[in-house]
Amino acid sequence: MQQYPQAGTVEDGFGEVRRVFAENFADGEELGAAVCVYHRGRAVVDLWGGWAGPERTDPWRRDTLAVLASPTKALVTASFLHLVEREGLDLDEPVGAVWPEFGEHGKGSITPRMVLAQRSGVVCLDHAPITPEGLREHAPVARALAAARPEWEPGTAHGYHATTYGHLLSELIRRRTGLTAGRYFARHLAGPLGLNAFIGLPHDHRAAHLATMMESKAEALMDGADPGTELAMLRALGDPGSLTHRAMIGSMRLYDALDPEVEDPSYGGLASAHALARLFAALVGEVDGFRVVGPQVTAEVARPYSRGTCRVVLLPSTWGLGFMLPDSPVFPASAGLGPRAFGFDGANGTFVFADPDRELAFAYVQNAGSRTIGRMNDRAHRLVEALHRSLQPIQSL
């Protein structure tokens, strides 16, 4: 049997999470992974194990950085909401008020709230796809966003801003502060919280321990939904003329692996599980005296702004301000999340959430990829269920 190195700490009462974490490796489903849980402002589970790469010679470490994929947007959202609260910004002021060029081509009514709730309609840059050079320079992407036209009347529907989301918020942050999202995150959130997390790896961190991400292979579709709808999404993803393809694939021309120093605020974040859980804990409470946003903003985050079939992914989803909400199918009922929980999943299997009612934050990162579409990675699901079982005796006290 293949042996997988494992390490970390678990407080009394959370041993069920350790057991399931070990089972995921014993079943042969993991290559390398880490899981961290914060409860009431401190880490109660902090586990890591397996290998950072397919050669199985380099053990996963507590500080191993995993590629986040879509949950990178959670780092950008946290940064933007921190700025909103710090400067008292109006989420309903048109984006064009601070970014005049953006207000053209039918985008004059778009507000930051619409962007956060996936309702702006600005989901495609296939007229000027993002390239590695564009990411390095930042300005070409901003110009492409300003020249884009919304794919539906802003505010009337929702569709996942798969490619554009991080760049839209990054430019709004830059217009207000002179800092891109990655630099703002590093200075105002990662620094104060001591997070091993990055949107663009600083040059002096080139020796950071990076996991090698294996390619995800979807073998299972979303539970409890119409298979025809799921197959329609897969077909649309392969159709260059569909909105699904244009928004998720056609808007990028990234054929080679990006330099980790390059900021990609929609997909390219790097973080350890501990850093992700600590950040989400600071979104719902104080962590060592620091809180990202206050209770009022946290309550707005968990308010459902968009619900129903996503125009891009063609599957049902529910969004608050920048985060997925529990009645999205990606959060199964058996996970036991509270009604005000919020989080993010990645097609590569990453999963993170916060639950303010339980004073809880959870993060799971790995490099074996995911075999599911439209729902939580099975390994993450089992870990969240184990956490739910662990919390039940605590909540009954």
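Residues numbered from 1 in each chain as written. Predicted model: local features only at pLDDT ≥ 70, side-chain atom pairs only at ≥ 80, totals over all residues. Heavy atoms only, no water.

1. Topic: the overall build of the protein chain
If you tally the helices and strands in the protein chain, you get 12 helices and 11 strands. Here the C-alpha radius of gyration of the protein chain, 20 Å, is about what a compact globule of 397 residues would show, namely 21 Å. Dimensions along the principal axes, computed over C-alpha positions, put the protein chain at roughly 60 × 45 × 45 Å. Within the protein chain, residue pairs in contact and separated by at least 24 positions form 69% of the contacts whose partners lie at least 6 positions apart. One finds the centroid of the 37 positive side-chain charges in the protein chain at a distance of 2 Å from the centroid of its 46 negative side-chain charges. (Helix = DSSP H or I, 4+ residues; strand = E, 2+ residues; numbered from the N terminus. Rg over C-alpha atoms; globule rule 2.2 N^0.38 Å. Contact = heavy atoms within 4.5 Å. Lys, Arg positive; Asp, Glu negative; His and termini not counted. Charge placed at Lys NZ, Arg CZ, Asp CG, Glu CD.)

2. Comments concerning helix 2 (residues 72-87)
With 16 residues, helix 2 should cover 22 Å at 1.5 Å per step; its first-to-last C-alpha distance of 23 Å lies within 8% of that length. Buried residues dominate helix 2, accounting for 13 of its 16 residues. (Expected span 1.5 Å × (residues − 1). Buried < 20%, exposed > 50% of the residue type's maximum accessible area, 1.4 Å probe, protein only.)

3. Let's talk about unusual backbone geometry
For Arg40, which is not glycine, the phi dihedral falls at a positive 55 degrees. Mapped onto the fold, Arg40 is located in the loop between strand 2 (32-39) and strand 3 (42-50).

4. Section: the pattern of salt bridges
Evaluated as defined, the whole model comprises 22 salt bridges. We note a salt bridge from Glu11 to Arg42, for which the minimum N-O separation is 2.3 Å. Remark: Arg42 occurs in strand 3 and Glu11 occurs in the loop between strand 1 (6-10) and helix 1 (15-26); sequence separation between them is 31 residues. On the basis of relative accessible area, Glu11 is assigned to the partly exposed category, the value being 30%. Look at Arg42 and you get partly exposed, because its relative accessible area is 46%. (Salt bridge = Lys/Arg side-chain N within 4 Å of Asp/Glu carboxyl O.)

5. Here we look at the sheet that holds strand 2
Taken in spatial order, the six strands of this open sheet run 1-3-2-11-10-9, and their pairing is antiparallel. Looking along the sheet, the strands with just one partner apiece sit at the ends: strand 1 and strand 9 (342-345). Neighbouring strand axes in the sheet, compared pairwise and without regard to direction, differ in orientation by 5 degrees on average. Note: strand 1 against strand 3, five bridges, orientation antiparallel. From the neighbouring strand, Thr9 faces strand 3, where its bridge partner is Asp46. Packing against the sheet, helix 10 (residues 273-284) makes contact with strand 2, strand 3, strand 9, strand 10 (351-355) and strand 11 (360-366), and its axis sits at approximately 155 degrees to strand 11. (Pairing = 2+ DSSP bridges. Axes fitted to C-alpha atoms, helices over the stretch in contact; angles between N-to-C directions.)

6. A closer look at the layout of surface pockets
Within this model, the second largest pocket holds a volume of roughly 410 Å³. Secondary structure elements with two or more residues in the lining of the second largest pocket: helix 4 (132-137), helix 6 (165-177), helix 7 (181-193) and strand 5 (197-198). Tallied by class, residues from the lining of the second largest pocket come to 10 nonpolar, nine polar and five charged. (1 Å grid on protein atoms, 1.4 Å probe; cavity = no way out; pocket = protein on both sides within 12 Å on 5 of 7 lines; lining within 4 Å. Points joined across faces, edges and corners; volume = space filled by probe spheres on them. Nonpolar A, V, L, I, M, F, W, Y, C, P; charged D, E, K, R; others polar.)

7. Examining the state of the cysteines
This model, assessed by the stated rule, comprises zero disulfides. We note that Cys124 lacks a disulfide partner, and the nearest cysteine sulfur, in Cys310, lies 11 Å from it. (Disulfide = S-S within 2.5 Å.)

8. Brief notes about the sheet that holds strand 4 (residues 66-67)
Within a sheet, adjacent strands bond to each other through the backbone by hydrogen bonds, running parallel or antiparallel. Overall, antiparallel pairing links the three strands, which are arranged 4-6-5 in an open sheet. Pairing within the sheet leaves two strands with one partner each, and these edge strands are strand 4 and strand 5. Examined bridge by bridge, strand 4 and strand 6 (residues 270-271) share two bridges and lie antiparallel to one another. Residue pairing across strands places Ala66 opposite Ala271, the latter belonging to strand 6.

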